[in-house]
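Here is what each chain is made of, one letter per residue.
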2 protein chains.
Amino acid sequence: MPNAHPRTVLVLGGDGFCGWPTALDQSDRGRKVVIVDNLSRRKIDAELGTASLTPIQSPERRLEAWRETSGRSIDFVDLDVSSDVEALSAVLEEHRPDAVVHFAEQRSAPYSMLSTTHRNYTVRNNLMATQNLLEAIRLTRLPTHIVHLGSVGVYGYSSKDWTMPEGYLAVTVPSSEHPDRQVEILHPFEPVSIYHLSKCMDAQLFEFYARYDRLRITDLHQGVVWGTQTRLTKQNDLLINRFDYDSIWGTVVNRFLMQAALGHPLTVYGEGEQTRAFIHLEDAVTCVNLALENPPAARERVRIRNQVAECLRVVDVAGVISDSTGAAITYVDNPRIEEAQNTLQVTNDSFSELGFIPTFLRDGIWRESVDIAQRFRDCADLDRIMPHRSGEHVRAVGA
Amino acid sequence: MPNAHPRTVLVLGGDGFCGWPTALDQSDRGRKVVIVDNLSRRKIDAELGTASLTPIQSPERRLEAWRETSGRSIDFVDLDVSSDVEALSAVLEEHRPDAVVHFAEQRSAPYSMLSTTHRNYTVRNNLMATQNLLEAIRLTRLPTHIVHLGSVGVYGYSSKDWTMPEGYLAVTVPSSEHPDRQVEILHPFEPVSIYHLSKCMDAQLFEFYARYDRLRITDLHQGVVWGTQTRLTKQNDLLINRFDYDSIWGTVVNRFLMQAALGHPLTVYGEGEQTRAFIHLEDAVTCVNLALENPPAARERVRIRNQVAECLRVVDVAGVISDSTGAAITYVDNPRIEEAQNTLQVTNDSFSELGFIPTFLRDGIWRESVDIAQRFRDCADLDRIMPHRSGEHVRAVGA
């Protein structure tokens, strides 16, 4: 039923950077929300010695704070969706959600390249989480809409002569026997890390389950997310969202913001001519909601939406932050294997048509994150704000 | 080093229907051969109550018979490559193979659709086997060439206006801003079962590891294999190859041959207007060897070759066998979800250019399989030669 607002929403990975603000947003809209998360992101922090700059609370304490602040309650199920399809099916049977937002994947490109263990974990964890979700919905025969967080990075960063469409590309197949045939294909992938590769493989799973088993699926091709807080996480310090600034988990904007807060030069990799798509965290949450409220029809192919506000060169990102904060810019050898420069244009028509008005970096809302970084600067681990160059890590790529 | 014949070849899945004759063929060519297999195919027979019509021997007994017959020895390692990348790496370090032939995947489309357990097993087993192999080769830094057995079925069976190329399709991307751009893409996938889907996802893994980690990979897009014995497996009854005739493991030609041997009508699904690509087992073994002897150069993209002899409609296959044996043909409701009819043209230029001369069904060599079926007819389970129509099995597809 298109345009029907969901009443019950499961948020897989609802303890994470995007998942937590999404869960609060959905709860704030009066929907019954169930977070399903195995806290793998917190456990990986323990493994790597990384940490959120902000003092995020335990799931239980966060949810208690949300009850006190909003008067609304969110359920929490501690479950590894990548390993237990029966338990996931039971959760679906119990709550019968109209929609599931699927964030339950390892989401760092650099992490996915650290070693064989990390590569294989990313492939197995991400694909089996997706496969188990698809199977659980097929088994329960619920009309549940899946909204998956993918990445616009699945297409790689070699320059192309066209604006990146929303998933599907119209092409012509030349033929000697027939008139040339126009077909619409999934835009070819060119993943730049095992993380991105796992998202490409997810896309194959989605295509199959939408066509063969008639599941209703939206795949959001998200840009690099920046920012820390949302309107809702700001309401109470106990609701604070995570802030990653290290070279594994911190995206480029958040690393620059941390550097600016500490009076450290902004470290641009190479010449900074890499162009990437960006979106602010609050906008990402807004777009997830628009996707939830506008599901594909039954028997429709996978709906792919670019969850992107703007495309910027890394050096332009540094320039905006430097101009306003006075931070210096320093150019360091690129520790990543990637094109030194590229052009990139990405359409976001499907969200624009639904009324999405993006926040741009130049609008200045990023100063909030500098304030947060300054507030917690004493907790910062300075070793973590520079790129690593040892071992396999130097092959890490992504944004 | 293109055109250098391999001296040492690992055959993953070397106990199976295609793997066993391939291992013998490579050994017969004077190469050191190591079979790596966890005997999963034999274990699944125990699970399903299916069985090879022919009395296949234990790996140990087969290999002893091969030593006696040929004077050559083949090593056997009992290992699940989908679950143990360290052990696989150790095998690679020990034998330092020039090439690995990768058959170590669940290979039945109907099996892959039986239930959630079977769907998930197929995804996890096939992808992690491939991922572990790629990682093991990356870790050991050997220049080992991977030859993977894929399926021409990854492209689905909707009719297309072009001859299926070998992996890559030249298309034009219309542009309003630039001249139309010609690009070569991986031919779009349209898998018709979870089994085929796993092969599409394998293709994504191969593309990444060839581009990013510079692994040398050949992906063979094989047609439906028919036949039972090869020149080498015929030499000694203890070397006999497996013969599957049931609706899970038996491909359409072998099911018809069994029915002909038993005087049973040939059961054509629907009108039999489905067109599929076929290849005889001996030809498949020959093509694997041609692929091994002609690896891609270092830094080349994945070499994709169509391992196909001819395309035939199912009703034509039945006709050839009926004309020669006098078997009746009966049309049954199609238990599979598939197009009722399709056209299909598949090029096999890359093998033709290497001197491959295909065997066609009409050449009559299939009579050997009827002889085998008649010899072992008393062992046949008649319930197994008709399609199942109960439970989820009726949704099973593939060939």
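Placed above this text is the structure.
Since the model is a prediction, treat every value here as computed from it, not as a measurement. (Residues numbered from 1 in each chain as written. Chains lettered and ligands numbered in written order. Predicted model: local features only at pLDDT ≥ 70, side-chain atom pairs only at ≥ 80, totals over all residues. Heavy atoms only, no water.)

Undergrad: Sorry if this is basic, but what is going on with the relation of the copies chain B and chain A here?
TA: Relating the two copies of this chain is a rotation about some axis coupled with a shift parallel to it. Of the transformation placing chain B onto chain A, the axial shift is 0.0 Å and the rotation is 180°, giving an RMSD of 0.0 Å. Both chain copies can therefore be described as sitting about a two-fold axis. (Least-squares fit on C-alpha atoms with pLDDT ≥ 70 in both.)

Undergrad: How do you make sense of the interface of chain B and chain A when you look at a structure like this?
TA: Many descriptions give the size of an interface as the accessible area lost when the pieces come together. Every contact between the two is made by 53 residues of chain B and, on the other side, 53 residues of chain A. Approximately 4,400 Å² of surface area, both sides summed, lies buried where chain B meets chain A, with 57% of it carried by carbon and sulfur atoms. On the chain B side of the contact with chain A, Asp-161, Gln-204 and Tyr-212 of chain B bury the most area, a combined 16% of that side's loss. Between Arg-181 of chain A and Asp-161 of chain B there is a salt bridge, and its shortest N-O distance comes to 2.6 Å. Counting every contact that joins chain B to chain A gives 18 residue pairs in polar contact (both at pLDDT 80 or more). Elements with a contribution of two residues or more to the side of chain B that touches chain A: helix H6 (116–140), strand S6 (168–173), strand S7 (181–186) and helix H7 (194–212) of chain B. At 12 residues, H6 of chain B tops the list of elements feeding residues into the side of chain B that touches chain A. Partitioning the side of chain B that touches chain A into residue classes produces 28 nonpolar, 12 polar and 13 charged. (Contact = heavy atoms within 4.5 Å. Buried area = accessible area lost by both parts, 1.4 Å probe. Salt bridge = Lys/Arg side-chain N within 4 Å of Asp/Glu carboxyl O. Polar contact = N/O pair within 3.5 Å; in protein donor to acceptor, adjacent residues only side chain to side chain. Helix = DSSP H or I, 4+ residues; strand = E, 2+ residues; numbered from the N terminus. Nonpolar A, V, L, I, M, F, W, Y, C, P; charged D, E, K, R; others polar.)

Undergrad: Just checking my understanding: could you explain the packing of helix H6 (residues 116–140) of chain A against helix H7 (residues 194–212) of chain A for this structure?
TA: Relative placement of two packed helices is described by the angle separating their axes and the distance separating the axes. All names here are of chain A. Relative to each other, H6 and H7 sit at 20°, their axes nearing to 9 Å. As judged from the angle between their axes, H6 and H7 are roughly parallel. Crossing of H6 against H7: the hand is right-handed. Only Ile-194, Tyr-195, Ser-198, Met-201, Asp-202, Leu-205, Phe-206 and Tyr-209 of H7 make contact with H6, whose side of the interface consists of Arg-119, Thr-122, Val-123, Asn-126, Leu-127, Thr-130, Gln-131, Leu-134, Glu-135 and Arg-138. Per-class residue counts for the contact of H6 with H7 are 9 nonpolar, 5 polar and 4 charged. (Axes fitted to C-alpha atoms, helices over the stretch in contact; angles between N-to-C directions. Parallel < 35°, antiparallel > 145°, perpendicular 65-115°, else oblique. Left-handed = near helix turned anticlockwise from the far one by under 90°.)

Undergrad: Where do I start with the sheet that holds strand S13 (residues 310–313) of chain B in this structure?
TA: Strand pairing in a sheet is mediated by backbone hydrogen bonds. Such pairs are either parallel or antiparallel. Residue and element names in this part refer to chain B. Taken together, 3 strands build an open sheet; the order of strands is S9-S11-S13 and the sheet is mixed. Strands at the two margins of the open sheet, each flanked by one partner only, are strand S9 (224–226) and S13. Sheet twist, expressed as the average angle between the axes of neighbouring strands with direction ignored, equals 45°. By the bridge criterion, 4 bridges tie strand S11 (residues 275–280) to S13 in an arrangement that is antiparallel. Bridge assignment links Thr-275 to a residue of S13, and that residue is Arg-313. Sitting on the sheet, helix H9 (residues 281–293) touches S9 and S11, and the angle it makes with S11 is about 75°. (Pairing = 2+ DSSP bridges.)

Undergrad: What am I meant to see in H9 of chain B here?
TA: Each turn of an α-helix holds 3.6 residues, which means side chains three or four residues apart point in the same direction. All names here are of chain B. Here H9 contains 13 residues, and its C-alpha end-to-end distance of 19 Å stays within 8% of the 18 Å for a straight helix at 1.5 Å per residue. Of all 13 residues making up H9, 11 are buried, and the element is well covered by its neighbours. Of all the positions in H9, only Leu-281, Asp-283, Ala-284, Val-285, Cys-287, Val-288, Asn-289, Leu-290, Ala-291, Leu-292 and Glu-293 are classed as buried. (Expected span 1.5 Å × (residues − 1). Buried < 20%, exposed > 50% of the residue type's maximum accessible area, 1.4 Å probe, protein only.)

Undergrad: I would appreciate a short explanation of the pattern of salt bridges in the present structure.
TA: Two side chains of opposite charge can pair, provided their charged atoms sit close to one another. Under the counting rule described, the total for this entry stands at 52 salt bridges over all chains. Across the pair Arg-31 of chain B and Glu-293 of chain B runs a salt bridge, and its minimum N-O distance is 2.5 Å. Of this pair, Arg-31 of chain B sits in the loop between helix H1 (19–28) and strand S2 (32–37) while Glu-293 of chain B is found in helix H9, placing the two residues 262 residues apart along the sequence. Each member of the pair, Arg-31 of chain B as well as Glu-293 of chain B, carries the same accessibility label: buried. Salt bridges sharing partners connect three or more residues here, namely Arg-41, Asp-45, Arg-107, Arg-242 and Asp-244 of chain A.

Undergrad: Please clarify how unusual backbone geometry should be interpreted in this entry.
TA: Glycine aside, the phi torsion of most residues is negative, and most peptide linkages are trans. Even without glycine at this site, Leu-39 of chain B takes up a positive phi of about 60°. Mapped onto the fold, Leu-39 of chain B is located in the loop between S2 and helix H2 (40–48).

Undergrad: What is the right way to read the packing of aromatic side chains from this model?
TA: How two aromatic rings sit relative to each other is set out by the distance from centre to centre and by the angle between their planes. Residues and elements named next belong to chain B. What the rule picks out here adds up to 12 aromatic pairs over all chains. An angle of 80° between the planes, with centres 5.7 Å apart, marks the rings of Phe-208 and Tyr-209 as edge-to-face. When sorted by exposure, Phe-208 lands in the same class as Tyr-209, which is buried. Directly above the aromatic system of Tyr-168 lies the positively charged group of Arg-301, at a separation of 3.5 Å from the ring centroid. Here the guanidinium or amino end of Arg-362 rests over the ring plane of Phe-360, the centre of that ring lying 4.5 Å away. (Phe/Tyr/Trp six-rings, centres within 6.5 Å; stacked < 30°, edge-to-face > 60°. Lys NZ or Arg CZ within 6 Å of the ring centre and 35° of its normal.)

Undergrad: Got a minute to help me understand the nonpolar core in this structure?
TA: Core analysis: the biggest nonpolar cluster contains 74 residues, and Leu-12 and Ile-217 of chain A together with Leu-12 and Ile-217 of chain B have the highest contact counts within it. Excluding residues within four positions of it along the chain, Leu-12 of chain A makes contact with Val-36, Val-81, Leu-88, Val-100, Val-101, His-102, Phe-103, Ala-104 and Leu-133 of chain A. Val-346 of chain A together with Val-152, Trp-162 and Cys-200 of chain B belong to the second-largest nonpolar core, a separate cluster that totals 36 residues. (Core = buried A, V, L, I, M, F, W, Y, C linked by side-chain atoms within 4.5 Å.)

Undergrad: Sorry, what's going on with the sheet that holds strand S2 (residues 32–37) of chain A here?
TA: All names here are of chain A. Taking strand neighbours across the sheet as the criterion, the 7 strands line up as S3-S2-S1-S4-S5-S8-S12 in an open arrangement whose pairing is parallel. Only two strands of the sheet have a single partner each, and these edge strands are strand S3 (74–78) and strand S12 (303–307). Neighbour to neighbour, the strand axes of the sheet diverge by 20° on average, direction disregarded. Sheet topology note: the strand S1 (residues 8–12)/S2 ladder contains 5 bridges and is parallel. Bridging across to S2, Val-9 finds its partner in Val-33. Relative to S1, helix H4 (residues 85–95) is tilted by about 160°, and along the sheet it contacts S1, S2, S3 and strand S4 (99–102).

Undergrad: Could you clarify how one ought to interpret the environment of Ile-248 of chain A in this entry?
TA: Relative to the assigned elements, Ile-248 of chain A resides in the loop between strand S9 (224–226) and helix H8 (252–262). The class for Ile-248 of chain A is buried, based on a relative accessible area of 9%.

Undergrad: Would you explain the pairing of S12 of chain A in this entry?
TA: Working note: regular strand, side chains alternate between the two faces of the sheet. Residues and elements named next belong to chain A. For S12, a buried count of 4 out of 5 residues is recorded, marking the element as mostly surrounded by other parts of the structure. Pairing geometry for strand S8 (residues 216–222) and S12, over 5 bridges, is parallel. Bridged to Thr-218 within S12 is Arg-303.

Undergrad: Would you mind going over the packing of helix H8 (residues 252–261) of chain B against helix H10 (residues 314–325) of chain B with me for this structure?
TA: Residue and element names in this part refer to chain B. For the pair H8 and H10, interaxial distance at closest approach is 10 Å and the crossing angle is 25°. Viewed along their axes, H8 and H10 adopt a mutual orientation that is roughly parallel. In this structure, H8 meets H10 at a crossing whose hand is right-handed. For the pair H8 and H10, the contacting residues are Val-252, Val-253, Phe-256, Leu-257 and Ala-260 in the first and Val-314, Val-317, Ala-318, Ile-321 and Thr-325 in the second. Of the residues belonging to the contact of H8 with H10, the class tally is 9 nonpolar, 1 polar and no charged.

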